[in-house]
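Here are the chains, one letter per residue:
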Amino acid sequence: MSALSLALLLFAAPAQDAPAAPAPEAPARAKENEREAPQKIVRAASGKTWFVMRMWPGKVVKFDPVTDEVVGVFDSGHGSGWMTQPTHDRRSILHLTRQRTLVQVVDLETMTLKDVYPFEEYSHIVRVQSVRELPGGQRWYVQVERIERKVDSYVVPNENEWIEYDLAEREIVTRMKELPKAIRRGARLSPDGTQWHVFDSDLKIVDAVSLEEVGKIELAKPMAPGMGPISIRGDDLFDLRNPEAYRFAYSMRDPVDTNRTLYGIVDIDLVNKKVSRLSEWSTVPPRVWGYERGDDPRIAVGARGASGGFGGGGRGSAEYRDEEIVLFTIDMETGKKLKETRHTVRNGLNLTAVSPDGSKIYLAGRGNELHVFDRDHKPLKVVSLPGEIDGGVTVVRP
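Report follows, based on the coordinates. Every value quoted in this text rests on a predicted model; they were computed, and no experiment measured them.

**Some details on the sheet that holds strand 14 (residues 196–199)**
Logical step 1: The 4 strands lie next to each other as 13-14-15-16, forming an open sheet whose pairing is antiparallel. At either end of the open sheet lies a strand with only one pairing partner, and these are strand 13 (187–189) and strand 16 (213–217). This sheet shows a mean twist of 25° between the axes of neighbouring strands, independent of strand direction.

**Some words on the nonpolar core**
Logical step 1: Grouped together as the largest cluster of nonpolar side chains are 17 residues, with contacts concentrated most on Phe 119, Val 131, Trp 140, Val 142 and Tyr 165.
Logical step 2: When contributions to this core are tallied by element, the ones reaching two or more residues are strand 5 (92–97), strand 6 (102–107), strand 8 (124–133), strand 9 (139–149) and strand 11 (161–166).
Logical step 3: Once residues within four sequence positions are removed from consideration, Trp 140 is found in contact with Leu 94, Val 103, Val 105, Tyr 117, Val 131, Arg 132, Glu 133, Leu 134, Ile 163, Glu 164, Tyr 165 and Leu 167.

**A word on the packing of aromatic side chains**
Logical step 1: Per the stated rule, a full pass over the model turns up 10 aromatic pairs.
Logical step 2: With centroids separated by 5.8 Å and ring planes inclined at 80°, the aromatic side chains of Tyr 117 and Tyr 165 adopt a geometry described as edge-to-face. Taken as a pair, Tyr 117 in strand 7 (residues 112–118) and Tyr 165 in strand 11 lie far apart in primary sequence, 48 residues in all.
Logical step 3: Using a relative accessible area of 0% as the deciding quantity, one classes Tyr 165 as buried.
Logical step 4: Ring plane angle 15° and centroid distance 6.3 Å describe the contact between Tyr 141 and Trp 196, whose orientation is recorded as stacked. Taken together, the residues Tyr 141 in strand 9 and Trp 196 in strand 14 connect sequence positions 55 residues apart.
Logical step 5: Its relative accessible area of 2% is what places Trp 196 among the buried residues.

**Quick word on the pairing of strand 19 (residues 261–269)**
Logical step 1: Burial within strand 19 is extensive, with 7 of its 9 residues counted as buried.
Logical step 2: Bridge analysis of strand 18 (residues 245–253) against strand 19 gives 9 bridges, and the strand direction is antiparallel. Each bridged residue has a counterpart across the sheet, and for Ala 245 the counterpart in strand 19 is Asp 269.
Logical step 3: Here strand 19 pairs with strand 20 (residues 274–280) via 6 bridges, running antiparallel. Bridge pairing in strand 20 links Ile 268 to Val 275.

**Considerations on the pattern of salt bridges**
Logical step 1: Using the criterion set out here, one finds 27 salt bridges in the structure.
Logical step 2: A salt bridge links Asp 89 to Arg 91; the shortest N-O distance between them is 4.0 Å.
Logical step 3: Salt-bridge contacts for Arg 175 lead to Glu 121; the nearest nitrogen and oxygen are separated by 3.2 Å. Residue Arg 175 is found in strand 12 (residues 171–176), and its partner Glu 121 is found in the loop between strand 7 and strand 8; the two are separated by 54 residues along the sequence.
Logical step 4: You can call Arg 175 partly exposed: its relative accessible area is 25%.
Logical step 5: For Glu 121, a relative accessible area of 5% gives the class buried.
Logical step 6: Counted as one network, the salt bridges with shared partners bring together Glu 121, Arg 146, Glu 161 and Arg 175.

**Description of the environment of Ala 306**
Logical step 1: Note on placement: Ala 306 falls in the loop between strand 22 (299–305) and strand 23 (323–331).
Logical step 2: Residue classification places Ala 306 among the buried positions, given a relative accessible area of 16%.
Logical step 3: Put simply, Ala 306 and Arg 342 are 36 residues apart on the chain and 7.2 Å apart in space, counted from C-alpha to C-alpha.

**Focus on the side chain of Ser 190**
Logical step 1: Within the secondary structure, Ser 190 is located in the loop between strand 13 and strand 14.
Logical step 2: Residue class for Ser 190 comes out buried when judged on its relative accessible area of 2%.
Logical step 3: Aside from chain neighbours lying at most four places away, what touches Ser 190 is His 88, Gln 195, His 197 and Tyr 246.

**With respect to unusual backbone geometry**
Logical step 1: Here Trp 56 and Pro 57 are connected by a cis peptide whose omega angle stands at 5°.
Logical step 2: Within the chain, Arg 170 stands out as a residue other than glycine whose phi angle is a positive 55°.
Logical step 3: By the element assignment, Arg 170 lies in the loop between strand 11 and strand 12.
Logical step 4: Although it is not a glycine, Lys 273 sits at a positive phi angle of roughly 55°.
Logical step 5: Its location among the elements puts Lys 273 in the loop between strand 19 and strand 20.
Logical step 6: Here Lys 273 falls in the partly exposed class, since its relative accessible area comes to 37%.

Reading guide: rules and limits
Residues numbered from 1 in each chain as written. Predicted model: local features only at pLDDT ≥ 70, side-chain atom pairs only at ≥ 80, totals over all residues. Heavy atoms only, no water. Pairing = 2+ DSSP bridges. Helix = DSSP H or I, 4+ residues; strand = E, 2+ residues; numbered from the N terminus. Axes fitted to C-alpha atoms, helices over the stretch in contact; angles between N-to-C directions. Core = buried A, V, L, I, M, F, W, Y, C linked by side-chain atoms within 4.5 Å. Buried < 20%, exposed > 50% of the residue type's maximum accessible area, 1.4 Å probe, protein only. Contact = heavy atoms within 4.5 Å. Phe/Tyr/Trp six-rings, centres within 6.5 Å; stacked < 30°, edge-to-face > 60°. Salt bridge = Lys/Arg side-chain N within 4 Å of Asp/Glu carboxyl O.

This is the structure we're talking about:
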């Protein structure tokens, strides 16, 4: 991208919001039982992986990790953003702005505004805390804080509430203090977007309309003598791209030596509703802040502070010196550490992403730079961005 093209992107006029949806203050209609069986959510077919970054003071930037260039900029027109997350179909970005009252739907391909959903109320100060899609993608659960305006005071509630919101009708379906019990903890959309998958002690499959359990995959029951319950760790290593299976890292408490924890990879067959493979790692993985990976789920990169802790590097900012960070490359099939290196980095940097082909590792933090390392952990370059990163990097895979 030329310097002129980038300048045009950055200084384009702020996006004009689409016609506002009716303010969701009217009494909610009891339509909980009017849900239709959800259709499968079809993911974007672009074949490209993008990095999406929220930047102060109100931009959302699309970054190509193949060329390491900014290829799209959306200006919210409302100042600082509070949330930037992809929709389940990976076609749009939900961007929360305007003092946490407005959810903008941004087209990921064109980085233009598709729709807006305001949640202001005349009688209350409303702050949106989170947005969750329901199966089918036609409704949201929106968690909000509602502070009542009085003539001479404000009434702050003890807890937030949830709104079920119909996108097509642009109206509140119902308000509730808590999510329905069946999906209150550990619920995620199934890979095809038609059901709730609730990860508790077992994987429970919950119907999207009735919210009743319609299937279960046992994880708590030991699969063989000498084994313990399977505890799922992290996100699906298939990134929800396989509608018939999950792959997760897992941990398992040794039932004999209770001070020992086992780790490995578990494959879950969603068609036959069973654990299809359990592969125990031969070694304990290094403690890290978290793992990032490219498109290959077999290789991951982790990082931690050089002191072994989770709050900073070994030499630390207390000495007004740059921090040290340790990078690890892990074979996710065996748990084997393939590479470990130590680096002195600017204070505040952390592992944030890996390129789709696994050839580049990205560190980011405060400021407007991405620090890029190659697959051998050698510093490659520093990419300057058109603003300060606010909230890290979101990797959006097709």
